[in-house]
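Fold and contact review
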Amino acid sequence: MSKEFTPGQRVRIKREGSGGTTNRRVPEYARGVTGTIVRSHGMVTGNRHDHAEEWGPLYSVLLDPSPGSSGERVSLDVHAPWLEETDAGASEAS
Amino acid sequence: MVHSEDLDAHLRSVEEDMEYWRTKRLEPRVFRLLRKGEISFADIITSAGGAERFFPAPPVGSEATEEERVAALELRLGEFIRGIEVASSVIGSNVLNEEGRDEAGVYDAAFKFGHRRVGGSSTDDRISELGRYLEEEMLMLGCLLEVLVRKGWVTDARLEEMLRAKSPPRYENGARIVARAWLDPAFKAKLMDDAKGTLRELGFALNRTPKLVVLEDTDSVHHVIVCTLCSCYPYELLGNPPWWYKHDSYKEAIVREPRKTLVEMFKLSVPGETEVRVVDSTSDVRYMVMPRRPEGSDGLGEEELARLVTQDSLIGVGETIRPTVAEAR
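From a predicted model like this one, the values you see are computed outputs, not experimental measurements.

Criteria and thresholds
- Residues numbered from 1 in each chain as written.
- Chains lettered and ligands numbered in written order.
- Predicted model: local features only at pLDDT ≥ 70, side-chain atom pairs only at ≥ 80, totals over all residues.
- Heavy atoms only, no water.
- Helix = DSSP H or I, 4+ residues; strand = E, 2+ residues; numbered from the N terminus.
- Buried < 20%, exposed > 50% of the residue type's maximum accessible area, 1.4 Å probe, protein only.
- Contact = heavy atoms within 4.5 Å.
- pLDDT = per-residue confidence, 0-100.
- Salt bridge = Lys/Arg side-chain N within 4 Å of Asp/Glu carboxyl O.
- Phe/Tyr/Trp six-rings, centres within 6.5 Å; stacked < 30°, edge-to-face > 60°.
- Lys NZ or Arg CZ within 6 Å of the ring centre and 35° of its normal.

When you go through chain A residue by residue, the secondary structure sums to zero helices and five strands. Helices (α) and strands (β) of chain A occur, in sequence order from the N terminus, as β-β-β-β-β. Buried positions account for 48% of the 94 residues belonging to chain A. A fraction of 58% describes how many contacts in chain A between residues 6 or more apart in sequence connect residues 24 or more apart.

What follows is the structure, encoded as structure tokens:
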């Protein structure tokens, strides 16, 4: 069972996939970035063309803007195995 | 120059689309039939005589501008894609694993498909070269269809019917849904809660769309959709995205500097007090934007309202049309 998260929770997107490989399920710009869960999509099944195995619940994560950016934010969909809890607060730009 | 009017970029996008359908959809099916011994190379070669009847080449106007010629190429590419879809529905989608991401070389260059170089030093030359290349591939597709008929896997009449009936979904589907949601709060609430279920009730199959989410724009937030890893889009509902949607130039800029990119690429200025929120998709969830209802549209019916919704506004890079402007059109 993969861990479940709830909207409002602070998370960090993992840099690495399982077994120390690069996490290729998330775009490079988001690896290691913190953010806030804004939507829970639940288990998404029946997407055999893209991934045969199940990857656990899916969440929309509103990423913290990178320092020095213009402050607009990106929401990215990430499956639970590639997320970890964090205590880091939202950055000031948000 | 506004990005969407960049002719060379548009041409590259047509070429990339064509290469995608050739390498990932057409050829894997041909290879599978060959490797399983279900057809032979000789079957393909001897079918060439009957191949051209499926896609008669359109006449090319000598007066056509470059823009018109690229638009004609895009239409022809549409026929190519529909033909491949029809062939696939006869053959089945159980292809060899060239369709897998690893095998396609997404993660490992050793497996990457080689692409033929389309030559030409000027835009004019490149349009002609790409046109010739596309016709060659149309011939291959025609041969495959002819083989399917000769093998008795599909009748000639049925094939013709499928080629004609296969009309792809268009963004107007989305425009109609948005118009209805503007008018009917109960429908909007259902749509926001469960877009896929609500639209399935209206007859959209959405069999290959795992989840669909409609994002409502308000005075405080403006949504923009992108798929930076590939080109996920609500294809089954809206048809093909505009050509620039799949371009790295759009993908990279929109996540880095959203507000500035909207102005520079699309001449869209979002008011400073409105947050610009980029939504980066994965294949699991497809997004459509529900733009704000334009001012001055009170009293209009669903059909009239739908005409105010543009393809760009469903992605979040353009505005809806103001009714006064629509009247003048």
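After that view of the structure, there is still more to cover.
Quick look at the confidence of the model for chain B now. Confidence along chain B averages 88 in pLDDT terms, with 91% of residues attaining 70 or more. Two summary scores accompany this predicted model of the complex, namely pTM at 0.74 and ipTM at 0.88.

Bringing the pattern of salt bridges into the picture now. All names here are of chain B. Applying the stated criterion across every chain yields a total of 25 salt bridges over all chains. Among the salt bridges present, the one from lysine 151 reaches aspartate 43, with a minimum N-O distance of 3.2 Å. With a gap of 108 residues between them, lysine 151 in the loop between helix H5 (123-150) and helix H6 (156-165) and aspartate 43 in helix H2 (residues 41-46) connect regions that are remote in the sequence. With a relative accessible area of 37%, lysine 151 lands in the partly exposed category. Of the charged contacts in the structure, one is a salt bridge between glutamate 172 and arginine 170, with a shortest N-O distance of 3.0 Å. Put simply, Arg53, Glu146, Arg150 and Asp156 are held in one network by salt bridges that share partners.

Quick look at unusual backbone geometry now. Residue and element names in this part refer to chain B. Residues other than glycine seldom take positive phi values, yet leucine 206 does so here, at roughly 50 degrees. Mapped onto the elements of the fold, leucine 206 is located in the loop between helix H9 (195-201) and strand E1 (211-216). Of note in the backbone geometry, lysine 267 takes a positive phi value of approximately 55 degrees without being a glycine. Inspection of the secondary structure puts lysine 267 in the loop between helix H12 (258-266) and strand E3 (275-280). Look at lysine 267 and you get exposed, because its relative accessible area is 64%.

Residues and elements named next belong to chain B. In this structure the tally under the stated criterion is 10 aromatic pairs over all chains. Geometrically, the ring pair formed by tryptophan 244 and tyrosine 250 is edge-to-face, given 4.9 Å between the ring centres and 65 degrees between the ring planes. Each of the two residues, tryptophan 244 as well as tyrosine 250, counts as buried. For the cation-ring pair, arginine 25 lies above tryptophan 21, with the distance from its terminal atom to the ring centre recorded as 5.0 Å. The cationic tip of arginine 180 hangs over the ring face of phenylalanine 187; the distance from NZ or CZ to the ring centre is 4.4 Å.

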